[in-house]
Amino acid sequence: MIGIASDHGGYELKQEIMEHLKERGLEYKDYGCYSPESCDYPEYGHKVAHAVADGECEKGILICGTGIGISISANKVKGVRAALCHDCFSAEATRQHNDANILAMGARVVGPGHALKIVDTFLDTPFSNDERHKRRISKIEEV
Ligand code: RB5
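It should be emphasised that the depicted structure is a prediction, and the values quoted were computed from it without experimental measurement.

Trainee: I'd love a proper account of the overall build of the protein, names of residues and values included.
Mentor: The helix and strand inventory of the protein stands at six helices and five strands. Scaling as 2.2 N^0.38, a compact globule of 143 residues should have a C-alpha radius of gyration of about 15 Å, and the protein matches this with 14 Å. Seen through its principal axes, the protein has C-alpha atoms that stretch 45 × 30 × 25 Å. When the 143 residues of the protein are sorted by exposure, 48% land in the buried category. Contacts in the protein between residues at least 24 apart in sequence constitute 67% of all its contacts with a sequence separation of at least 6. Accessible surface for the protein amounts to roughly 7,200 Å². Of this, 50% is attributable to carbon and sulfur atoms.

Okay, structure coming up:
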């Protein structure tokens, strides 16, 4: 299950991503927002972050205007590794190296066609399982 959410800035792109996930036959849960009316990105970042941290969702996708506010919010939840990616190289590397469990994007930064490629890259790239990456990931929580 993929958890997906956005604020108003990411609402349109979220709709396109959900359509794409449906076409790919991937299960997703929409955590809002449910209209393009102005709302607060931390609420939606936290919803998907908790769903991923609690194991309700395997991965998450978060969209706001820049992707910054919503990724900062998600990363406050223990166990979440939300990566802000606006290119496929970063999306691939963050899965391989950081085992990122949430992809964040800014709808005002990236076009919809590119965003869907980034989503596919993120979802289709496995974690490398390399010892050095596991060690570094375990150190992230050591603060
Ligand atoms: C909302 O206008 C905007 O601030 C938000 O979508 C996001 O870019 C915040 O980081």
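Still to come is the rest of the account.
Trainee: I'd like a description of the sheet that holds strand 3 (residues 59–64), backed by residues and values.
Mentor: With respect to topology, five strands assemble into an open sheet ordered 2-1-3-5-4, the strand pairing being parallel. The open sheet is flanked by strand 2 (28–30) and strand 4 (82–84), the only strands paired with a single partner. Strand after strand, the sheet turns through a mean of 20° between neighbouring axes, direction not considered. Pairing between strand 4 and strand 5 (residues 102–106): three bridges, direction parallel. When the sheet's bridge partners are listed, A82 is paired in strand 5 with I102. Across the sheet, helix 2 (residues 41–53) is in contact with strand 1 (2–6), strand 3 and strand 5; its angle to strand 3 comes to roughly 175°. Helix 5 (residues 112–124) contacts strand 1, strand 3 and strand 5 of the sheet and is inclined by roughly 165° relative to strand 5.

Trainee: Before we move on, could you go through the pairing of strand 1 and cite the residues and values that matter?
Mentor: Among the five residues in strand 1, five count as buried, and that is most of the element. Looking at chain direction, strand 1 and strand 3 are connected through five bridges and run parallel. When the sheet's bridge partners are listed, S6 is paired in strand 3 with I63.

Trainee: Give a detailed account of the pairing of strand 3, specifying residues and quantitative values.
Mentor: With respect to burial, strand 3 is a largely interior element, six of its six residues being buried. The alternating pattern of strand 3 places K59, I61 and I63 and G60, L62 and C64 on opposite faces, both of which are buried. Where strand 3 lies against strand 5, five bridges are found, and the strand directions are parallel. The residue of strand 5 that forms the bridge with I63 is M105.

Trainee: Summarise the site of the ligand; cite the residues concerned and give the values.
Mentor: The immediate surroundings of the ligand are formed by D7, H8, Y41, C64, G65, T66, G69 and R108. In the environment of the ligand, an oxygen atom lies 2.7 Å from a nitrogen or oxygen atom belonging to the backbone of G65. At 2.9 Å, a backbone N or O of G69 approaches an oxygen atom of the ligand. If the ligand stood free it would expose 300 Å²; the protein chains cover 72% of that surface. Per-class residue counts for the shell around the ligand are two nonpolar, four polar and two charged.

Trainee: Can you lay out the nonpolar core for me, pointing to particular residues and giving the numbers?
Mentor: With 21 residues, the main nonpolar core has I17, L21, I61, L103, M105, I118 and V119 as its most contacted residues. Those elements that provide at least two residues to this core are strand 1, helix 1 (11–23), strand 3, strand 5 and helix 5. A per-element tally of this core places helix 5 first, with six residues. Non-local contacts of L103, meaning those with residues more than four positions away in its chain, are made with G60, I61, L62, A83, C85, I118, V119 and F122. A5, Y31, A49 and V80 belong to the second largest nonpolar core, which has 20 residues in total.

Procedures and definitions
Residues numbered from 1 in each chain as written. Predicted model: local features only at pLDDT ≥ 70, side-chain atom pairs only at ≥ 80, totals over all residues. Heavy atoms only, no water. Helix = DSSP H or I, 4+ residues; strand = E, 2+ residues; numbered from the N terminus. Rg over C-alpha atoms; globule rule 2.2 N^0.38 Å. Buried < 20%, exposed > 50% of the residue type's maximum accessible area, 1.4 Å probe, protein only. Contact = heavy atoms within 4.5 Å. Areas by Shrake-Rupley, 256 points an atom, 1.4 Å probe, with all protein chains shown as cover. Pairing = 2+ DSSP bridges. Axes fitted to C-alpha atoms, helices over the stretch in contact; angles between N-to-C directions. Near = heavy atom within 4 Å. Polar contact = N/O pair within 3.5 Å; in protein donor to acceptor, adjacent residues only side chain to side chain. Nonpolar A, V, L, I, M, F, W, Y, C, P; charged D, E, K, R; others polar. Core = buried A, V, L, I, M, F, W, Y, C linked by side-chain atoms within 4.5 Å.

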